[in-house]
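Commentary on secondary and tertiary structure
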Amino acid sequence: MKTTIPLARPSIATEELEAVEEVMRSGNLAQGREVAHFERLFADYIGAKSAVAVCNGTVALDLALKAIDIKPGDEVLTTSFSFISTANSILFQGAKPVFADIDRRSFNIDPNDAAAKISRKTKAIIGVHLFGHPFDLTTMREICHDNDLFLIEDCAQAHGAEYDKKKVGSFGFGCFSFYATKNMTTGEGGMITTELARVADVCRLLRDHGQSSRYVHTILGYNYRMTDLEAAIGRIQLEKIDELNKKRAENARYFNTHINLHGLSLPHAYGPVTHVYHQYVVTTEEDVLDRDMLVKYLNEKGVGCGIHYPSPIFRQPLYRRLGFSDETVNCPAAIDVADRVLSLPIYPTLTNEELQYIVRTINDFPASG
Ligand SMILES: *Cc1c(COP(=O)(O)O)cnc(C)c1O
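This report concerns the structure included in the present document.

Calculation notes
Sequence order sets the numbering: in each chain, residues are counted from 1 along the sequence as written. Totals for whole chains, interfaces and linings use every residue, but because this is a predicted model, local features are given only for residues with pLDDT of at least 70 and side-chain atom pairs only at 80 or more, for both listing and counting. The basis for every side-chain value is the complete set of heavy atoms in the structure, and neither hydrogens nor water enter the calculation. Going along the chain from the N terminus, every DSSP run of H or I of four or more residues is numbered as a helix, and every run of E of two or more is numbered as a strand. Think of it in three bands: residues with accessible area under 20% of the maximum for their type are buried, residues over 50% are exposed, and the middle band is partly exposed, with areas taken using a 1.4 Å probe on protein chains only. For this count, His and the chain ends are skipped, Lys and Arg are scored as positive, and Asp and Glu as negative. Charge coordinates come from a single atom per side chain, which is NZ of Lys, CZ of Arg, CG of Asp or CD of Glu. As used here, the term nonpolar core means buried Ala, Val, Leu, Ile, Met, Phe, Trp, Tyr and Cys residues forming a set that is joined through side-chain atoms within 4.5 Å. Should any heavy atoms of two residues lie within 4.5 Å, those residues are considered in contact. Convention adopted: a line fitted to C-alpha atoms gives each axis, helices being fitted over their contacting stretch, and angles between N-to-C directions are expressed from 0 to 180 degrees. By the definition adopted for this analysis, an angle is roughly parallel if under 35 degrees, roughly antiparallel if over 145, roughly perpendicular if from 65 to 115, and oblique otherwise. Crossing chirality is assigned from the near helix's rotation relative to the far helix, an anticlockwise turn below a right angle marking it left-handed and a clockwise turn marking it right-handed. Residue polarity is assigned by list, with Asp, Glu, Lys and Arg as charged and Ala, Val, Leu, Ile, Met, Phe, Trp, Tyr, Cys and Pro as nonpolar; anything else, Gly included, falls into the polar class. Patch membership needs two things, relative accessible area over 30% and no salt bridge, and members are linked within 9 Å if like-charged or within 5 Å if nonpolar (Val, Leu, Ile, Met, Phe, Trp, Tyr). Throughout, the Shrake-Rupley method with a 1.4 Å probe supplies accessible areas, and for residues the shown protein chains are the sole cover considered. For this analysis, a salt bridge means a side-chain nitrogen from Lys or Arg found within 4 Å of a carboxyl oxygen belonging to Asp or Glu.

1. Quick word on the overall build of the chain
Each helix and strand in the chain was counted, giving 13 helices and 15 strands. With the principal axes as the frame, the chain shows a C-alpha extent of 70 × 55 × 35 Å. Among the 369 residues that make up the chain, the fraction classed as buried is 56%. Here the chain contributes 39 positively and 47 negatively charged side chains, and the mean placements of these two sets differ by 3 Å.

See below:
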């Protein structure tokens, strides 16, 4: 059997095509009624007072930090193990990212290490619900409350994930991405969710040239708007997100039941959470399985796989150049985990045959290589 199963595949159907066509025919392509409608629906879904749509998830993080007035000289704590834009959003403000280590089981920010790295300059914490697994919101909220810090949730990988039966993005300032590979997509797109009307207002100003009314520019703003075309896709995707997430969880359950390669640890949900499996990330046990050999083998067999992420953020050349070193950052778990993780296809449109093929291929891995 010659198969090629990609690592990710968006779930787009005729409803999305029809919604886009309707906007195309309406003559209003840029930010308009569709964006406002999508914002209302998304805020209601998350259980937040306001939602502000922007052109991508990186911009959502950038504007959230600007809205809470993060400045040069400030420190913002964040996880050492995420996509680069989480930490870059701190650099955009001229502020200093301070990296916390991770919990090896959930891959999420370790609250104890975060608390230990708080200084007088710390203003906020950005936690990431990595791979769709909510971070420890109980402890992180306590830490933020006790130290008077803002909490930002990077929800780019966790649309619909829950902690204590509440949606992520409703605890702190939620920053979402609708990039093509995320659990729901608009192609490119992002959203900020918040309880604070003041923060939502500032984000709305910042995304549209600081324009408080037509051609009146009260602050320095940007063009970070979402289009009505994207919002129309988002509205349809939002109707499907629970179903799509359910399918991801079912696929994860199937893998957890059937994959049994010696030396391979499988992902689980820890704590009062609903995991939405943006990625299904397995970990190879040191001295038992060689991660890179397994990647090579899976590629040969046509099973797409990825490494999220091959390096902690502070080891990226950019951060090295800025003076971050293993010694000063001190995140040994993130360094170790980056060498052993491997993401398998988990998206909702995987067929039963594809699921079975993935399991069979992994279980047949010749352990000696
Ligand atoms: C995708 C992603 C982002 C950035 O979103 P874009 O829409 O690609 O700009 C930020 N943080 C995390 C954790 C992500 O996975």
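So, next bit.
2. Structural notes on the nonpolar core
Core analysis: the biggest nonpolar cluster contains 38 residues, and Phe38, Phe42, Ile125, Phe178 and Met191 have the highest contact counts within it. Listing elements by their share of this core, those giving two or more residues are helix H2 (33-46), strand E1 (50-54), strand E3 (96-100), helix H6 (137-147) and helix H8 (228-258). Top element by residues in this core is H2. It accounts for six residues. Setting aside chain neighbours within four positions, we find isoleucine 125 in contact with Val76, Leu77, Ile109, Met140, Ile143, Cys144, Leu149, Phe150, Leu151 and Ile152. Within the second largest apolar cluster, 28 residues are counted, among which are Phe255, Leu294, Leu298 and Ile362.

3. Here we look at the packing of helix H3 (residues 57-67) against helix H7 (residues 197-207)
The geometry of H3 relative to H7 is characterised by a closest axis approach of 9 Å and an angle of 120° between their N-to-C directions. Taken together, the axes of H3 and H7 are oblique relative to one another. Of the two elements, H3 crosses H7, and the hand of that crossing is right-handed. Residues Leu63, Lys66 and Ala67 of H3 touch H7, and the partners they reach there are Arg198, Val199, Val202, Cys203, Leu206 and Arg207. Residues of the contact of H3 with H7, tallied by class, amount to six nonpolar, no polar and three charged.

4. Considering a negative patch on the surface
A cluster of like negative charges, contributed by Glu285, Glu286, Asp287 and Asp339, occupies part of the molecular surface. With respect to the element layout, glutamate 285 can be found in the loop between strand E14 (280-284) and helix H9 (291-300). When its relative accessible area of 40% is taken as the criterion, glutamate 285 is described as partly exposed.

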